[in-house]
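So you can see what is in the structure, the chains are spelled out below.
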Amino acid sequence: MGAERYVLANFKMNKNLFEVKKWADEFLSLLYKGKKLSLKVGCAPTFIYIKALKEIVIGTGFLVGAQNMHFEEKGAFTGEVSPTQLKDIGVDFVIIGHSERRNIFGESDELISKKLLSALKHNILPVLCVGETKEEREKGETEKVLIKQISILSKIPDELKNQKIVIAYEPVWAIGTGIPATKDKIEKAVELIREEASKFIKDFSVLYGGSIDEKVAEEIKDICDGGLVGTASLDPQKFYKISQNFDV
Ligand code: 13P
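Calculation criteria
- Residues numbered from 1 in each chain as written.
- Predicted model: local features only at pLDDT ≥ 70, side-chain atom pairs only at ≥ 80, totals over all residues.
- Heavy atoms only, no water.
- Near = heavy atom within 4 Å.
- Polar contact = N/O pair within 3.5 Å; in protein donor to acceptor, adjacent residues only side chain to side chain.
- Areas by Shrake-Rupley, 256 points an atom, 1.4 Å probe, with all protein chains shown as cover.
- Phe/Tyr/Trp six-rings, centres within 6.5 Å; stacked < 30°, edge-to-face > 60°.
- Helix = DSSP H or I, 4+ residues; strand = E, 2+ residues; numbered from the N terminus.
- Buried < 20%, exposed > 50% of the residue type's maximum accessible area, 1.4 Å probe, protein only.
- Axes fitted to C-alpha atoms, helices over the stretch in contact; angles between N-to-C directions.
- Parallel < 35°, antiparallel > 145°, perpendicular 65-115°, else oblique.
- Left-handed = near helix turned anticlockwise from the far one by under 90°.
- Contact = heavy atoms within 4.5 Å.
- Nonpolar A, V, L, I, M, F, W, Y, C, P; charged D, E, K, R; others polar.
- Core = buried A, V, L, I, M, F, W, Y, C linked by side-chain atoms within 4.5 Å.

The next point concerns the site of the ligand. By nearness alone, every residue bordering the ligand is listed as Asn 10, Lys 12, His 98, Glu 170, Ala 174, Ile 175, Gly 176, Gly 210, Ser 211, Leu 228, Gly 230 and Thr 231. One of the backbone N or O atoms of Gly 230 is found 3.0 Å from an oxygen atom in the ligand. At 2.5 Å from an oxygen atom of the ligand is found a side-chain nitrogen or oxygen belonging to Thr 231. Here the ligand loses 99% of its free accessible area of 310 Å² to cover by the protein chains.

Written out as structure tokens, the structure reads:
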């Protein structure tokens, strides 16, 4: 049996409450009208809209996620949100180590590793993002960077090793540029990620993210297990088409 397939939306810091609700209504009506999808679909809105989204999609199997979380359950961490708080409002998955968190907010592999372990411990599906910058690719360091980022999986203790993890290959240079990585580059990176991750864990899916549109989804549907979608996910029609194209 192949790995579980996912198409997940990352809204980043976009949409207001009205727009999130409208998006969810439109996406669900497309889901109900269309062919039943066999893959899992979900969305990570901004923290403050998670609850509203969950209320709309409850009972549909649609996954609701957070874009970040702190690793501690509680404490003096102004501005942070804990795994228990996320569980409390029904969060299914959490994006960890997104390149915008790594590069704009200075998150290190060490911090990302703590968040990953905390998500696993609290039964929230982690979506671990990895990927090289333009500069790293140009210096021929892509493999080295991916191997290092994946190596945090070695810290997972035995009792959490059988839990599912989603890994998203998101080359930084392809994010938000409208220029996705080529199929060849995605295939090579995804292969390496699978090889490295399988040294530490058994149950994982590898997604691609970075300027995905429906054409990219159709092109790469057989080489990865789905997608993490930014810009194109903001339009429910486009996100639905991408989901359909990844549904093999
Ligand atoms: P874009 O689809 O806008 O390139 O964003 C990808 C991404 O960062 C998803 O996490």
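So that's the structure; there's more coming.
Quick look at the packing of aromatic side chains now. Per the stated rule, a full pass over the model turns up 8 aromatic pairs. Ring centres of Phe 11 and Trp 23 lie 5.0 Å apart, and the angle between their planes is 85°; this geometry places the pair in the edge-to-face category. With Phe 11 in the loop between β1 (6–10) and α1 (17–33) and Trp 23 in helix α1, the pair connects residues that are 12 residues apart, well separated along the chain. Judged on exposure class, the residue Phe 11 and its partner Trp 23 are both buried. Between Trp 23 and Phe 27 the ring centres are 5.3 Å apart and the planes differ by 10°, which places this aromatic pair in the stacked class. Note that Trp 23 and Phe 27 are positioned in helix α1 at a spacing of 4 residues, about one turn of the helix.

At a minimum axis distance of 10 Å, the contact between α1 and helix α2 (residues 50–57) shows a crossing angle of 25°. Here α2 runs roughly parallel to α1, going by the angle between their axes. In the crossing of α1 with α2, the sense of the turn from one axis to the other is right-handed. Counting all contacts with α1, which are made through Leu 17, Val 20, Lys 21, Ala 24, Asp 25 and Leu 28, the residues of α2 involved are Ala 52, Leu 53, Ile 56 and Val 57. The residue inventory of the contact of α1 with α2, partitioned by class, reads 8 nonpolar, no polar and 2 charged.

This paragraph deals with the nonpolar core. Judged by nonpolar contacts, the single largest core of 67 residues is most densely connected at Phe 62, Leu 86, Leu 153, Ile 167, Tyr 208 and Phe 246. Ranked by residues supplied to this core, first place goes to α1 with 7 residues. Not counting the four nearest positions on each side in its chain, Ile 167 is found in contact with Leu 128, Val 130, Ile 150, Leu 153, Ile 193, Ala 197, Phe 204, Ser 205, Val 206 and Leu 207. Listed in part, the 13 residues of the second largest apolar core include Leu 8, Ala 44, Cys 129 and Val 166.

In short, the description is geometric, and any link to function would need to be established separately.
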